[in-house]
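Structural characterization, general
Listed below, chain by chain, are the residues.
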Amino acid sequence: MAVSAMWQPELESLDRAPLERLVVERMRATLARVLAEPAWARRLPGVRPEDIAWVEDWRTLPFLTKEELRDAYPYGLACARPAGYRRIQMSSGTTGNPILNPYTASDVAQWAEVMARCYVTAGVGPTDVIQITPSFGLFTGGFGFHYGAERLGAMVIPMGAGRTGLQLRLMRDLKATVVTAIATYPLRLIEAAREERFDLGSLSLRVGILGSEMWSDELRARIERELDIRTFDIIGMTESGGPGLGIDCAARAGVHVWEDHYYPEIVDPATGAVVPDGTEGELVISTLTREGLPLIRYRTHDLTRVVSRGRCDCGRTSLRLDRLRGRVDDMVIYKGINFYPRQIETTLLRHAGVSHEYQVVIDTDGGGERMTIHVETDPGCDPAVGARIRRELHDALALSPEVRLCAHGAIERAQGKAVRVVDRRPRQ
Ligand SMILES: [Zn+2]
């Protein structure tokens, strides 16, 4: 494969030795910045920026947890006085305070820069028409894609979330070539097109940039086939400054992380020890250029592994992570067996006529636990597929769920991210 275009080739293809020197320099600057704040100085007693001589020295610093960021609401661990902020973005969980990320002017510019890199990595350029379907608001998706597109000089259709019928119409009439979305949103587009007899062949789409939730390789293949596009997996979270932490490239050999902006580590979720490259563990992210809310060794709960630190076929040298395989807290324990929803999705989507709409319901029945997988199937799908799925799940995971096939539309659609597991067991 030919070396592809880059937004900032001098940084994206920097050799590892100078790259690591730059990382160390920025680690020290980040430490100096946070240590000027009393709340951080209390968290990091005795730490001095000059003690970081090598990237590995970073491992001596304590982790930063989601709970600490929640407890710090609103500005407890932020590092510019409120007058220095230009914007907040926010993520809300199901419990406790939301996590706020305040952005300085420099943070907004940094966001645009990493997003422009992501677009170019996906083969998107100034002549493209980009339809942005994540919401514009406190959620980081909409604005991140917008800033990157402006930096790139491309045309934007700032749709935001919902109104799927209108999305399709504008996509066709304005000849959108790129769609950016939460990973399962293209499924809504495909479904709406089917219901409204809208011809997906009338679209000019060629690239999808998708992220923000787990999507299996099987789901990816379906989206690419039905929309006739090439998809790219973008990662990032509110805490790190939104999407733009990294993206996979045309070589599809892992997700490049912009190492001059972010320092990734993979740790054993139980012990916190850094694991060898290639071993799956929890992603820990430090920011190297963020001002408003710098992160030092933030535990993301996302599961992945380092694929390579070598130069990629695309010419970039930044480290590559495996596509995110789910979250530590997505793990379901059922009758003593641990599994992740993606393992079920992978099994389901191998069968013809089985839809990507499924839900795993776990409840109790007469004192015992019971698992039911509801999955939508196409009209005319072989009814014996349920028994085959059950047998495969038993062979692969030792699970024996009841598999219930249902018609299209039977499973309730989520407004945002898909709900794959409904656990109705009483809390212990
Ligand atoms: Zn690459």
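Owing to the predicted nature of the structure, the values given are computational and were not obtained by experimental measurement. (Residues numbered from 1 in each chain as written. Predicted model: local features only at pLDDT ≥ 70, side-chain atom pairs only at ≥ 80, totals over all residues.)

**Things to note about the nonpolar core**
Membership of the largest hydrophobic core comes to 96 residues, with the highest contact counts inside it found for Met 115, Tyr 119 and Ala 122. In terms of residue count, helix α5 (residues 105-121) provides more of this core than any other element does, eight residues in total. Two domains each put at least three residues into this core: domain 1 (1-328) and domain 2 (331-423). (Core = buried A, V, L, I, M, F, W, Y, C linked by C-beta atoms within 7 Å. Buried ≥ 20, exposed ≤ 12 C-beta atoms within 10 Å, placed from the backbone. Helix = DSSP H or I, 4+ residues; strand = E, 2+ residues; numbered from the N terminus. Domains from an automatic or database assignment.)

**Quick look at the packing of α5 against helix α6 (residues 141-152)**
Packed helices, taken two at a time, are described by the angle their axes make and the gap between the axes. At a minimum axis separation of 7 Å, α5 and α6 run at an interaxial angle of 75°. If you check the angle between α5 and α6, you find them roughly perpendicular. Across the interface between the two elements, Val 108, Trp 111, Ala 112, Glu 113, Met 115, Ala 116, Cys 118 and Tyr 119 from α5 touch Gly 144, Phe 145, Tyr 147, Gly 148, Ala 149, Glu 150, Arg 151 and Leu 152 from α6. Residue classes in the contact of α5 with α6 are distributed as 11 nonpolar, two polar and three charged. (Axes fitted to C-alpha atoms, helices over the stretch in contact; angles between N-to-C directions. Parallel < 35°, antiparallel > 145°, perpendicular 65-115°, else oblique. Contact = placed C-beta atoms within 7 Å. Nonpolar A, V, L, I, M, F, W, Y, C, P; charged D, E, K, R; others polar.)

**Brief notes about helix α10 (residues 341-348)**
Of all the eight residues making up α10, six are buried; the element is thus mostly covered by neighbouring parts of the structure. All of the buried residues in α10 are Pro 341, Arg 342, Ile 344, Glu 345, Thr 347 and Leu 348. In this structure, the buried side of α10 is in contact with α9 (217-227), β17 (354-365), β18 (368-377), α11 (385-397) and β20 (421-423).

**Brief notes about the sheet that holds strand β9 (residues 255-257)**
Read from one edge to the other, the open sheet built from nine strands follows the order β4-β3-β5-β6-β7-β8-β9-β14-β13, with strand pairing classed as mixed. The open sheet terminates on both sides in strands that have one partner only, identified here as β4 (155-157) and β13 (306-308). Of the strand pairs in this sheet, strand β5 (residues 178-182) and strand β6 (residues 207-211) are connected by five bridges, and their pairing is parallel. Along β6, the bridge assignment pairs Val 178 with Val 207. (Pairing = 2+ DSSP bridges.)

**As for α5**
An ideal rise of 1.5 Å per residue puts 24 Å on 17 residues; α5 measures up with 25 Å between its terminal C-alpha atoms. Across the 17 residues that make up α5, a large majority, 13, are buried. Looking one or two residues past α5, Gly 123 carries a phi angle of roughly 80°, positive in sign. (Expected span 1.5 Å × (residues − 1).)

**Description of the sheet that holds strand β10 (residues 262-267)**
A sheet is described by the order of its strands in space; here three strands give the open sequence β10-β11-β12, paired in antiparallel fashion. Only two strands of the sheet have a single neighbouring strand rather than two, namely β10 and β12 (298-304). Each strand of the sheet is rotated relative to its neighbour by a mean of 35°, with strand direction disregarded. Pairing of strand β11 (residues 281-287) with β12 involves four bridges; the strand directions are antiparallel.

**Considerations on the domain arrangement of the protein chain**
Domain assignment breaks the protein chain into domain 1 (1-328) and domain 2 (331-423). Measuring from the centre of the C-alpha atoms in domain 1 to the corresponding centre in domain 2 gives 30 Å. On the side of domain 2, 12 residues touch domain 1, which itself brings 13 residues to the contact. Considered class by class, the residues forming the side of domain 1 that touches domain 2 number five nonpolar, four polar and four charged.

**Regarding unusual backbone geometry**
Cis geometry is adopted by the peptide bond preceding Pro 74, which originates at Tyr 73 and carries an omega value of -5°. The residue Pro 74 is located in the loop between α4 (66-71) and β1 (87-91) in this model. The residue His 301 is not glycine, and still its phi comes out positive at about 75°. In this structure, His 301 sits in strand β12. Even without a glycine there, the phi angle at Ala 398 is positive, about 65°. Mapped onto the elements of the fold, Ala 398 is located in the loop between α11 and β19 (402-406).

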